[in-house]
Amino acid sequence: MISQLGGRSSSGRRLALAWQTVGYVLVAAIMLFPLFWMVASSFKTAQQLQALPPVWLPTQLDFSAYERAFSTVPFARSFLNSFVIAGGTTLGILVTSIMAGYVFAKLRFRGREVLFGLVLATMFLPPIVMLVPLFRIVQALGLTDTLAGVMLPNLANAFGIFLMRQFVAGIPDEVLESARIDGASEWTNLWRIVFPLLGPAIAALAVFAFTFHWNSFLWPLTVLQSPDSQTVVLALNRLVSYTSAIKFQNVVMAGAVISVLPNVILFLFLQRSFITGISQTGLKG
Amino acid sequence: MLSPGIGLLGVFVLLPILLTAWISLHSWSMYTPLSDMTFVGLENYRGLLADRTFMRSLTNTLLYSGLSIGLILPLAFLVGQFLYRSALRGKGALRAVVFLPYMIPTIAVAIIWGYLYAPLYGPLNQILGWFGLPPQAWLGSVNQAMFSLVIFNVWQTLGYYTILVLAGLTQIPTVYYEAAVIDGANGWQQVWRITLPLLRRTLLFVVIIAMINSVQVFDPVYVLTQGGPASATTVLSYQVYKNAFEFGLAGKASSMAFVLFLVLVVAVAAVIRLLRDPSGEP
């Protein structure tokens, strides 16, 4: 493989490896530097933040910025809200996607392909295009400023249906046929036979949906108003507007660390299921 | 079993998009009941043509999307190719590191980069100084603000597109390269003659997804620039949000949203047409 990149001689190979090492380090540094700056800044003191030239490393582990972040905005409460919203939405997406995916993959009926095409077409519609009517619908249902109002429009999604259909289609028909002959309903088939085989697909869809809805900003911003109903991302946004002066950078960065942490932890544990999920389907939550 | 999924998509995706089109033909304040809507035909759209802020947001959105895709496509290819081919150890770690920013809320990314860009206390100007380069105004400059937003968009999403490229690269049978080596093809020829043509579908997919994602950019504008300085970074989504929820102009906001939708449809269709394989394969 090396010979494809560099020369054929061993000195050429060594040169190629050296260049690759430089590239590796450069890319890693660029990707990690902003995250390093976030963490480092959250521990700096007000003096260090206002020093010139900028100080790169804090001298002590000062957690006071974290306390300050928690006392400025209701982070603890917003954490709970975000978990309810991201968790509830994910659960809803899983249930609706598995059921619809099963139908599209295994049951034959008139207009199936047209309907599936229609579902796929909704996959890439930017939420902003639907924002105004969606807000009025949620308002008409009396769900503004509620977590349910944030979750409800997102409980089904085309990507999830697509992903589950792909996975269910891979399950041999014979398995289902023999169960049908034994008198099993489609409902039993789905939950007794198909569902236990969907492990990897469920894991992939769950992490995607969870991070996507944990990170989401525009829709929660539109629906939620009162301080007690904020999500973590909304709380972070509020934190910035309260404390934008440079000497409070540590507080804002502490807030950023807090908001980032669950996803980073999730990613470190489930990295493989994430990346193979994208490779296989090419898509996101 | 189909009804929950289809029903929800119908009520919360299809119905709203039809309503957006319908509302865009009306004059209506967000704060009044639906019955107060008055039909005005294409008046809202005509108004948009004369609205300089809107026109600016339209060109800004196109600029943002164009620059983002223009940077993402070659970089994702380069990093993907590197991760696929390099003989270095620790490629898995690099793949994870490159992907990591994609996991983080865009609001957090925007905030972090806002501090990196800080003219006086930020590290970026300090680093420029090491190379003898003058400090830049970044987000504070009318000319640089948009590009500054593009940079961290690329930083955040590159990992995702790299994984797509990587998946595409692993689909190319290695025998092609082996045969090319026997025929004396060098590295560049292999990239031009084998990799790029066979990666066409993947790259088309990357462009389309990048387009869909960048055309609806909202978060960084809302949290960092509010469209400034001097509407240098105002974008369509931001104008839709502002008109609807700050000015209450639901009709106008809906016409803007529908323009955004049309821009996206036209752009996606154009890209599919342009990048389609001459042999007719999509």
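Here is what the cut-offs are and how they apply
Residues numbered from 1 in each chain as written. Chains lettered and ligands numbered in written order. Predicted model: local features only at pLDDT ≥ 70, side-chain atom pairs only at ≥ 80, totals over all residues. Contact = placed C-beta atoms within 7 Å. Helix = DSSP H or I, 4+ residues; strand = E, 2+ residues; numbered from the N terminus. Nonpolar A, V, L, I, M, F, W, Y, C, P; charged D, E, K, R; others polar. Buried ≥ 20, exposed ≤ 12 C-beta atoms within 10 Å, placed from the backbone. pLDDT = per-residue confidence, 0-100. Core = buried A, V, L, I, M, F, W, Y, C linked by C-beta atoms within 7 Å. Domains from an automatic or database assignment. Expected span 1.5 Å × (residues − 1). Axes fitted to C-alpha atoms, helices over the stretch in contact; angles between N-to-C directions. Parallel < 35°, antiparallel > 145°, perpendicular 65-115°, else oblique.

Colleague: Quick question: what am I supposed to make of the interface of chain A and chain B here?
Modeller: When the parts of a complex come together, some accessible area is lost, and that lost area is often used as the size of the interface. Contact residues are listed per partner, giving 71 residues for chain A and 71 residues for chain B. The leading source of residues in the side of chain A that touches chain B is helix 2 (residues 10-42) of chain A, at 13 residues. When the residues that make up the side of chain A that touches chain B are grouped by side-chain class, the tally is 51 nonpolar, 19 polar and 1 charged.

Colleague: What is the right way to read the environment of Ala137(B) from this model?
Modeller: Residues and elements named next belong to chain B. As for its position among the elements, alanine 137 is in the loop between helix 6 (123-130) and helix 7 (145-171). Exposure remark for alanine 137: the 15 C-beta atoms within 10 Å place this residue in the partly exposed category. Between the alpha carbons of alanine 137 and phenylalanine 218 there is a distance of 22 Å; along the sequence they are 81 residues apart. Excluding its chain neighbours within four sequence positions, the residues that come into contact with alanine 137 are Pro119 and Gln144.

Colleague: What's the story with the confidence of the model for chain B in this structure? I'm lost.
Modeller: A low pLDDT means the predicted coordinates there should not be read in detail. Chain-level statistics for chain B give a pLDDT mean of 91 and a share of 98% at 70 or above. Per the prediction output, this complex has pTM 0.91; the corresponding ipTM is 0.91.

Colleague: Help me out: how do you make sense of the nonpolar core in this one?
Modeller: By size, the foremost hydrophobic cluster in this structure holds 159 residues, and its most contacted members are Ala256(A), Ile112(B), Val240(B), Ala257(B) and Leu260(B). The element contributing the most residues to this core is helix 7 of chain B, with 15 residues. Mapping this core onto the domain boundaries places at least three of its residues in each of domain 1 (2-61) and domain 2 (66-281) of chain A. Ignoring sequence-local partners within four residues, the contact set of Ala257(B) consists of Ile128(A), Val129(A), Leu131(A), Val132(A), Thr20(B) and Val240(B).

Colleague: How should I be thinking about the environment of Gly277(A) in this particular structure?
Modeller: Residues and elements named next belong to chain A. Along the chain, glycine 277 turns up in helix 15 (residues 249-281). With 24 C-beta atoms counted inside 10 Å, the residue glycine 277 sits in the buried group. The contacts of glycine 277, once residues within four sequence positions are left out, are Ala204 and Phe208.

Colleague: I would appreciate a short explanation of the environment of Trp191(A) in the present structure.
Modeller: Residue and element names in this part refer to chain A. Structurally, tryptophan 191 can be placed in helix 11 (residues 186-194). Tryptophan 191 gets classed as partly exposed once you count the C-beta atoms within 10 Å, which come to 13. Distance in space between the C-alpha atoms of tryptophan 191 and methionine 99 is 9.1 Å, their sequence separation being 92 residues.

Colleague: Looking at this model, I keep getting lost on helix 9 (residues 158-169) of chain A. Mind explaining?
Modeller: For an α-helix, 3.6 residues make a turn, and residues three or four places apart therefore share a direction. Here helix 9 of chain A contains 12 residues, and its C-alpha end-to-end distance of 16 Å stays within 8% of the 16 Å for a straight helix at 1.5 Å per residue. When we look at burial in helix 9 of chain A, the residues that qualify are Ala158(A), Phe159(A), Gly160(A), Ile161(A), Phe162(A), Leu163(A), Met164(A), Arg165(A), Phe167(A) and Val168(A).

Colleague: Would you explain the packing of helix 2 of chain A against helix 5 (residues 106-116) of chain B in this entry?
Modeller: Geometrically, a packed helix pair is captured by the angle between its two axes and the distance between the axes. Their axes nearest at 10 Å, the elements helix 2 of chain A and helix 5 of chain B cross at an angle of 85°. Classified by the angle between their axes, helix 2 of chain A and helix 5 of chain B sit roughly perpendicular to one another. Contacts between helix 2 of chain A and helix 5 of chain B involve Pro34(A), Trp37(A), Met38(A) and Ser41(A) from the first element and Ile112(B), Trp113(B), Tyr115(B) and Leu116(B) from the second. In terms of residue class, the contact of helix 2 of chain A with helix 5 of chain B is built from 7 nonpolar, 1 polar and no charged.

Colleague: Looking at this model, I keep getting lost on the domain arrangement of chain A. Mind explaining?
Modeller: Residue and element names in this part refer to chain A. Assigned domains of chain A: these are domain 1 (2-61) and domain 2 (66-281). Computed from C-alpha atoms alone, the centre-to-centre distance between domain 1 and domain 2 is 34 Å. Across the contact, 9 residues belong to domain 1 and 8 residues belong to domain 2. Contributing elements (two or more residues each) for the side of domain 1 that touches domain 2: helix 2 and helix 3 (46-49).

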